[in-house]
Amino acid sequence: MKRISPLFFIALGIFGIINTELGVVGILPMVMEKYNVTAGLAGMLVSSFALIIALFGPWMTLLLSRLNRKTALTGILIIFAASNLMSVFAPNFYMLMALRMIPAFFHPVYFSIAFVLATELSVKEEAAKASAKVFLGVSMGMVLGIPLSSYIANQFSLGTSFLFSALVNVIACVGIGVMVPAMSAKEKISFGTQLAILRKPALWLNSGAACFIFAAMFSVYSYFAEYLGQRSDMSGKLISVMHVIFGISGVAGNWYAGKLLSHRMSKTVLLYPVALGICYLLLYYVETPLILISGIIIVWGAVHTSGLIVSQIWLTSEASEAPEFANSLYVSFSNLGVTMGAAIGGWFISRLGVGEVVWSGLLFVVLSLLCIVVKIMCFDLHAKPNVKSMVTEED
């Protein structure tokens with residue numbers, strides 16, 4: 001019988017961490033009901049988590065970079081498991097938010113170490129494939145974590161969804177503890193060398209595009225359940241089914257976007273905001289019948305999830321000389337986008353109603369498209385990024 005790879009448990013840990021961060025999106029209506037809070041306030045469970053990652057991600061990664069990597073990974077997973085377990089018994093909304101904010105500081109540290117370990121646990125020729133396997137944990141967490149949490153919460157209870165996240169983190173922690181050897185951090189690129197990439201105007205345009213893409217994605221998706229519940233009068237169980245449909249189509253969309261990026265990166269990135277904007281317009285103007293709404297959700301799921309790999313490759317393509325720092329920037333800017341998106345989406349809902357939240361998404365679609373167009377017009381993209389390291393596994 002083939003032995004389970006340690007990369008499986010590292011990727012499972014990423015899945016558990018992403019599920020802790022974003023799984024709450026699918027259960028916001030239940031949070032609102034239990035704690036008697038508005039949609040905008042409940043959305044802060046997403047935005048506050050992401051804001052901490054955006055502000056502290058690179059610096060926490062640097063601060064803890066000399067720790068034994070195995071110890072760091074298992075310790076972080078224990079923090080996430082404890083946070084989820086205590087969330088089951090949170091007496092009020094603000095305690096629940098506090099319990100989520102603590103592990104957010106360690107989220108980017110796990111990511112940084114995980115991708116470094118993926119290459120160090122493999123022979124040089126297999127490093128790209130190992131990184132792709134770990135990246136699969138990101139995709140699966142963002143694609144399936146939300147519908148899974150929604151389904152579990154609706155089938156059992158809100159607390160059970162938190163217990164599910166805790167269990168995933170514990171299994172990953174035990175697996176890493178058993179399968180991953182103790183490894184100290186090796187000498188890295190100097191801090192000054194990594195910071196030097198920030199002098200690149202093209203990198204800032206790509207970072208802005210990544211930020212606005214995530215804002216466009218999550219200003220609407222953060223209120224997925226609330227939108228379908230009020231706009232289309234769907235029950236909790238039917239919304240859970242829609243989450244699953246959205247997630248399954250998202251896996252396919254992310255895989256196909258990777259293939260397109262490997263051949264026509266600039267065109268794919270340029271067309272991405274356009275495709276997302278069309279999905280939002282269809283969602284806004286089509287209310288019935290159910291089969292048509294389901295079709296729109298399938299397309300939306302595929303396009304939405306494609307934003308993960310589109311934004312990452314677009315940002316890191318301008319910083320190949322400092323890939324680890326570029327990945328930390330991607331984590332920070334993507335989560336800044338989640339923060340902005342969830343906050344502005346909540347503002348649109350509080351002022352205009354949940355049915356108008358798609359316009360917040362369209363606002364960020366336009367901003368991301370502007371960054372991409374300026375980048376393409378002002379900088380000659382002759383160099384092709386090493387896309388294979390991102391998408392080899394999915395090909």
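Each remark here, short or long, concerns the structure printed above.
I will try to describe carefully the structure that is included in this document. All of these numbers come straight from a predicted model, not from anything done at the bench. (Residues numbered from 1 in each chain as written. Predicted model: local features only at pLDDT ≥ 70, side-chain atom pairs only at ≥ 80, totals over all residues. Heavy atoms only, no water.)

Looking at the packing of helix H1 (residues 6–22) against helix H4 (residues 44–63)
Here is the rule: Structural elements are reduced to axes, namely lines fitted to C-alpha atoms, with helices fitted over the stretch in contact, and the angle between N-to-C directions of any two is expressed from 0 to 180 degrees. Counting from the N terminus, the helices are DSSP H or I runs at least four residues long and the strands are E runs at least two residues long. An angle counts as roughly parallel when it lies under 35 degrees, as roughly antiparallel when it exceeds 145, as roughly perpendicular when it falls between 65 and 115, and as oblique in every other case. The criterion used for residue contact is that any of the two residues' heavy atoms lie within 4.5 Å. Residue classes follow a fixed rule: Ala, Val, Leu, Ile, Met, Phe, Trp, Tyr, Cys and Pro count as nonpolar, while Asp, Glu, Lys and Arg count as charged, and any other residue, Gly among them, counts as polar.
Packing of H1 against H4 brings their axes to within 8 Å, and their N-to-C directions diverge by 130°. In terms of orientation, H1 and H4 fall into the oblique class. Of the residues in H4, those touching H1 at Thr20, Glu21 and Leu22 are Val46, Phe49, Ala50 and Ile53. Classifying every residue of the contact of H1 with H4 gives five nonpolar, one polar and one charged.

As for empty space enclosed by the protein
Put simply, the rule reads: The method works on a 1 Å grid over the protein atoms by themselves. A cavity is a set of points holding a 1.4 Å probe that cannot get out, a pocket is an open set with protein on both sides within 12 Å along at least five of seven lines, and residues with an atom within 4 Å of a point line them. Grid points are joined across faces, edges and corners, and a volume is the space filled by probe spheres set on the points.
Counted under the stated rule, the structure contains three cavities of 30 Å³ or more. The space that makes up the second largest cavity amounts to roughly 60 Å³. Surrounding the second largest cavity, Asn19, Thr20, Gly23, Val24, Ile27, Asn84, Arg100, Ser149, Ser161, Phe162 and Ser165 form its lining. For the lining of the second largest cavity, the secondary-structure elements that each account for two or more residues are H1 and helix H9 (158–179).

Section: unusual backbone geometry
What counts here: For each residue, the accessible area found with a 1.4 Å probe, counting protein chains only, is set against the maximum for its type, and the residue is called buried under 20%, exposed over 50%, and partly exposed in between.
With phi around 55°, Asn36 is a residue other than glycine that occupies positive phi space. If you trace the backbone, Asn36 turns up in the loop between helix H2 (28–35) and helix H3 (39–42). Residue Asn36 is classed as exposed on the basis of its relative accessible area, which comes to 69%.

Side note on a nonpolar patch on the surface
What counts, and what does not: Patch membership requires over 30% relative accessible area and the absence of a salt bridge. Like charges are linked within 9 Å, and nonpolar side chains (Val, Leu, Ile, Met, Phe, Trp, Tyr) within 5 Å. Shrake-Rupley sampling with a 1.4 Å probe provides the accessible areas, and residues are treated as covered by the protein chains on show and by no other component. The salt bridge definition used is simple: a Lys or Arg side-chain nitrogen within 4 Å of an Asp or Glu carboxyl oxygen.
On the surface, a nonpolar cluster with roughly 340 Å² of combined accessible area is contributed by Leu271, Val274, Ile278 and Leu282. Inspection of the secondary structure puts Leu282 in helix H14 (residues 265–285).

A word on the environment of Val31
Summarising the element assignment, Val31 is placed in helix H2. Along the primary structure Val31 and Gly43 are separated by twelve residues, whereas in three dimensions their C-alpha atoms are 9.8 Å apart. The contact partners of Val31, leaving out residues within four places of it in the chain, are Val24, Asn36, Val37, Leu45, Phe93, Leu96 and Leu158.

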